Amino acid sequence: MVKLTGLKKIKTAVFISGTGSNLKNLIKFSKVKNSPISIDLIFSNTSKAKGLKFSNRFNIKKYVSSFKNYKTAEAKILDLLKEENIEFICLAGFMKILSKNFIKKFSGKIVNIHPSLLPKYKGLNTHIKAIQNKDKVAGCTVHFVTAKLDSGKIILQKEVKISKKDTPTSLGKKVLKQEHKLYPTAIKKIFN
Ligand code: GRF
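Residues numbered from 1 in each chain as written. Predicted model: local features only at pLDDT ≥ 70, side-chain atom pairs only at ≥ 80, totals over all residues. Heavy atoms only, no water.

(A) Broad picture of unusual backbone geometry. Cis peptide bonds are those with omega within 30 degrees of zero, and the linkage from Leu118 to Pro119 qualifies with 10 degrees. Examined against the element boundaries, Pro119 turns out to sit in the loop between strand 5 (110-114) and helix 5 (126-132). With phi around 55 degrees, Asn59 is a residue other than glycine that occupies positive phi space. Tracing the backbone shows Asn59 in the loop between helix 2 (53-58) and strand 3 (61-64). (Helix = DSSP H or I, 4+ residues; strand = E, 2+ residues; numbered from the N terminus.)

(B) Geometry of helix 3 (residues 70-83). With 14 residues, helix 3 extends 20 Å between its outermost C-alpha atoms, agreeing within 8% with the 20 Å of an ideal straight helix rising 1.5 Å per residue. Tucked into the core, helix 3 has its buried residues touching strand 1 (10-16), strand 2 (37-44), strand 3, strand 4 (88-91) and helix 4 (100-105). N-cap assignment for helix 3: the residue whose side-chain oxygen lies 3.2 Å from the backbone N of Lys71 is Asn69. One or two steps after helix 3, the chain reaches Asn85, where phi turns positive at roughly 55 degrees. (Expected span 1.5 Å × (residues − 1). Contact = heavy atoms within 4.5 Å. Polar contact = N/O pair within 3.5 Å; in protein donor to acceptor, adjacent residues only side chain to side chain.)

(C) Fine view of a positive patch on the surface. Together, Lys24, Lys28, Lys50, Lys53 and Arg57 line one region of the surface with positive charge. Elements that contribute at least two residues to the positive patch include exactly helix 1 (21-30) and helix 2. Lys24 gets classed as partly exposed once you look at its relative accessible area, which sits at 30%. (Patch = residues over 30% accessible without salt bridge, like charges linked within 9 Å, V, L, I, M, F, W, Y side chains within 5 Å. Areas by Shrake-Rupley, 256 points an atom, 1.4 Å probe, with all protein chains shown as cover. Salt bridge = Lys/Arg side-chain N within 4 Å of Asp/Glu carboxyl O. Lys, Arg positive; Asp, Glu negative; His and termini not counted. Charge placed at Lys NZ, Arg CZ, Asp CG, Glu CD. Buried < 20%, exposed > 50% of the residue type's maximum accessible area, 1.4 Å probe, protein only.)

(D) Examining empty space enclosed by the protein more closely. Per the stated rule, a full pass over the model turns up one cavity of 30 Å³ or more. By volume, the largest cavity is sized at about 70 Å³. Taken together, Pro115, Ser116, Leu117, Lys120, Tyr121, Thr126, His127, Ala130, Asp135, Val137, Ala138 and Gly139 make up the lining of the largest cavity. Put simply, the parts of the chain that give the lining of the largest cavity at least two residues each are helix 5 and strand 6 (137-144). (1 Å grid on protein atoms, 1.4 Å probe; cavity = no way out; pocket = protein on both sides within 12 Å on 5 of 7 lines; lining within 4 Å. Points joined across faces, edges and corners; volume = space filled by probe spheres on them.)

(E) Examining the site of the ligand more closely. If you check the shell around the ligand, you find Thr19, Gly20, Ser21, Asn22, Gly93, Ile113, His114, Pro115, Leu176 and Glu179 and nothing else. A distance of 2.8 Å is found between an oxygen atom of the ligand and a backbone nitrogen or oxygen belonging to Gly20. One of the backbone N or O atoms of Ile113 is found 3.3 Å from a nitrogen atom in the ligand. In a pocket analysis with a 2 Å cut-off to the grid points, the ligand is assigned to the largest pocket. Going through the elements one at a time, helix 1, strand 5 and helix 6 (168-191) are the ones with two or more residues in the shell around the ligand. Residues belonging to the shell around the ligand are distributed by class as follows: three nonpolar, six polar and one charged. (Near = heavy atom within 4 Å. Sits in = over half its atoms within 2 Å of the grid points. Nonpolar A, V, L, I, M, F, W, Y, C, P; charged D, E, K, R; others polar.)

(F) Quick peek at the packing of helix 1 against helix 6. The interhelical angle for the contact between helix 1 and helix 6, taken along N-to-C directions, is 45 degrees, at an axis separation of 10 Å. Compared by their axis directions, helix 1 and helix 6 come out oblique. The two elements helix 1 and helix 6 cross, and the hand of that crossing is right-handed. Within the contact between the two elements, helix 1 uses Ser21, Asn22, Asn25, Leu26 and Phe29 and helix 6 uses Leu176, Glu179, His180, Tyr183, Pro184, Ile187 and Lys188. (Axes fitted to C-alpha atoms, helices over the stretch in contact; angles between N-to-C directions. Parallel < 35°, antiparallel > 145°, perpendicular 65-115°, else oblique. Left-handed = near helix turned anticlockwise from the far one by under 90°.)

(G) Representation of the side chain of Asn45. Along the chain, Asn45 falls in the loop between strand 2 and helix 2. Polar contacts involving the side chain of Asn45 include one to the side chain of Ser17, which spans 2.6 Å. Apart from residues lying up to four places away in sequence, Asn45 is in contact with Ile16, Ser17, Val64, Ser65, Ser66, Phe67, Phe94 and Lys96.

(H) Quick peek at the pattern of salt bridges. Counted under the stated rule, the structure contains four salt bridges. When the shortest N-O distance is used, the salt bridge between Lys11 and Asp40 registers 3.9 Å. Pair noted here: Lys11 is in strand 1 and Asp40 is in strand 2, with a separation of 29 residues, a long-range link. Assessed through its relative accessible area of 21%, Asp40 is described here as partly exposed. Its salt-bridge partner being Lys120, residue Asp135 comes within 3.3 Å of it at the nearest N-O pair. A residue pair is termed long-range when its members are at least 10 positions apart, and Asp135 in the loop between helix 5 and strand 6 and Lys120 in the loop between strand 5 and helix 5 qualify at 15 residues. Here Asp135 falls in the buried class, since its relative accessible area comes to 14%.

Spatial relationships are all this shows, so hold off on functional conclusions.
Encoded structure:
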């Protein structure tokens, strides 16, 4: 794992596909004095990702490439990550699966936030599944990314109570609020 040396922040890229509320929150966190990371690149597989607006707002370089040809896309991203001296990658609502080869190149340096208490509910529609199964608690997990989907070593988790009135949407909102706290805390845990 990359270790924090002196006051130098770890150059980080955030990969998104959507709204980017976790991205925004990570950017804010990165600006705090004792944050171990700086956000230096935003990558999205789609130009429709609303979160790309944070590139202009916070003056952070962005790069968009569809994953239709994932080999070309990943090769280009790897070049860019090298060019920008990126050492750490945060996936935040990134809806594409990175290849084994890509993950190997950044082994132990890619993390993801997932809206369930892993190993429960890997993949999509986690809140629908939790409610359908009449679970009493849901939550979120920050974990290292490995070639197997949502299966890497868990860094931190946060539970969220499910009330009888919760719908997948209301539960999603509650969990997302906790995600915004959990992601920075997990990053601090990795580097401290
Ligand atoms: C979050 O719930 C995250 O856990 C999941 O996708 C959602 C992304 O939300 N992987 P946002 O784009 O960060 O607002």
